[in-house]
Amino acid sequence: MSDFKFIDLFAGVGGIRIPFDELGGSCVFTSEFDKFSQLTYAANFGETPQGDITLISEKEIPNHDLLLAGFPCQAFSQAGLKRGFKETRGTLFFDIARILDYKKPKAFLLENVKGLRGHDKGKTFKTIIATLNELGYETLESKVLNAKHFGLPQNRERIFIIGFKKHVNFQFPEPLNTPTRLGNILQKRVKDKYTISDKMWTGHQLRKEKHAKKGYGFGYSMFDRDSEYTSTISARYYKDGSEILIKQKGKNPRRLTPREACRLQGFPEDFVIPVSDAQAYKQFGNAVPVSLIREIAKQIVIHL
């Protein structure tokens, strides 16, 4: 089936959308709250997403076969307040549920942080699965997959929840295990502005020492061209770049450039970055690994 309709919720900069476009789907509705992400989305897809999904009635959403949503993970992630459904942001899941309930698409793909499973002693995840069952999705599968197993030089684990209205024999993709190397995505020439300052570098080193004395592994992480993969890029990368620093001969390490962050997440080379560096880091830190979604998308489309 290559002429299916889908909607893209909590769309970010469209990472989940790209593979479904490639497979012949047509996107009939998109929603994204952040105005800078809307700019990037518009520059790449020629349409500006609608805003806050909590203010959009399910009745206004066009019919579709497939719902895609990388719903916000702040309320579920280890870094957040761990309050899940009690926190308003946690209830954004219920906006997905009300759309599924009213529009009854054949299938959905949801993406979130790995910590969703254990959140609130597993109660959050149980509530999500129970809600999806209640909505009549017979096939429900979930799995944690890692970007580094799907050709990207980044250690990034995410949970994917997939549902179909009817009973299908859905299988998550097997790891491709293509060898990865950070050098493949690094630019040859990089402006000096990406090299971190002496002050910041000193701060990073002091913090790492302090944590090491307390027996923590916290602190900056350093990589070079031959590294198989980096740690997970996050939305806070713009602050100090500490989770992924690139070694440089004879000078302080540097951050990734926005283009390198774009590549690290598997976005196409011609993906337009129309925003400031700080916004670009936030956007790619929040994005999905496109190469991994591509493999999942192939499996979903078979069963549509």
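Scroll up for the structure.
What you see is a predicted model, and the numbers here were worked out from it, not measured in a lab.

Trainee: Where do I start with the nonpolar core in this structure?
Mentor: Buried together is how nonpolar side chains tend to be arranged in soluble globular proteins. Counting residues in each nonpolar core, the largest one holds 51 residues, and the members touching the most others are F20, L66, L109, F267 and I300. Sorting elements by how many residues they give to this core places helix α9 (residues 290-303) first, with seven residues. Beyond its immediate sequence surroundings of up to four residues, F20 is in contact with F4, F6, G25, L66, L68, L109, I293, A297, I300 and V301.

Trainee: What am I meant to see in the sheet that holds strand β3 (residues 66-69) here?
Mentor: In a beta sheet, neighbouring strands pair by backbone hydrogen bonds and run either parallel or antiparallel. If you walk across this open sheet you meet the six strands as β2-β1-β3-β4-β6-β5, and the pairing is mixed. If you trace the sheet from one side to the other, it starts and ends with β2 (26-30) and β5 (139-146), each paired once. Each strand of the sheet is rotated relative to its neighbour by a mean of 20°, with strand direction disregarded. As defined by bridge partners, strand β1 (residues 5-9) adjoins β3 across four bridges and the pair is classed as parallel. If you follow L9 over to β3, its bridge partner there is A69. Where helix α3 (residues 92-103) meets the sheet, its contacts fall on β1, β3 and β4 (107-113), and the angle it forms with β3 comes to roughly 175°. Relative to the sheet, helix α4 (residues 123-134) contacts β4, β5 and β6 (157-164), its axis offset from that of β6 by approximately 20°.

Trainee: I would appreciate a short explanation of α4 in the present structure.
Mentor: Two residues of an α-helix separated by three or four positions point the same way, owing to the 3.6 residues in each turn. For α4, with 12 residues, the first-to-last C-alpha span of 16 Å sits near the 16 Å given by 1.5 Å per residue. If you check which residues of α4 are buried, you get T124, F125, I128, T131 and L132. Along α4, the residues classed as buried sweep out an arc of 130° about the axis, all on the same side. Residues of α4 that are exposed and point over 90 degrees away from its buried face: K123, K126 and E134. Buried residues along α4 sit in contact with α3, β4, β5 and β6.

Trainee: Explanation requested: the pattern of salt bridges in the structure shown.
Mentor: Oppositely charged side chains may form a pair once their charged atoms are brought near each other. With the rule as written, the count across this model stands at 17 salt bridges. In this structure, K298 and E295 form a salt bridge, with 3.1 Å as the shortest nitrogen-oxygen distance. Of this pair, K298 and E295 are both found in helix α9, three residues apart, which corresponds to roughly one turn of the helix.

Conventions used here
Sequence order as written defines residue numbering, which begins from 1 separately in each chain. Given that the model is predicted, a residue must reach a pLDDT of at least 70 before its local features are reported, and side-chain atom pairs must reach 80 or more before they are shown or counted; all residues, however, enter totals for whole chains, interfaces and linings. Note: side-chain values were computed over all heavy atoms of the structure, leaving out hydrogens and water. Working definition of a nonpolar core: buried Ala, Val, Leu, Ile, Met, Phe, Trp, Tyr and Cys residues. They are joined through side-chain atoms within 4.5 Å. Three labels apply to residues, based on accessible area from a 1.4 Å probe with only protein chains included: buried if under 20% of the type maximum, exposed if over 50%, partly exposed otherwise in between. Counting from the N terminus, the helices are DSSP H or I runs at least four residues long and the strands are E runs at least two residues long. Contacts are assigned to residue pairs with any non-hydrogen atoms lying within 4.5 Å of each other. At least two DSSP bridges between two strands are required for those strands to pair. Lines fitted to the C-alpha atoms define the axes, with helices restricted to the stretch that makes contact. Angles between their N-to-C directions range from 0 to 180 degrees. Multiply 1.5 Å by the residue count of a helix minus one, and that product is the helix's expected span. The arc in question is formed by the directions pointing from the helix axis toward the C-beta atoms. By definition, a salt bridge exists where a carboxyl oxygen of Asp or Glu is found within 4 Å of a side-chain nitrogen of Lys or Arg.

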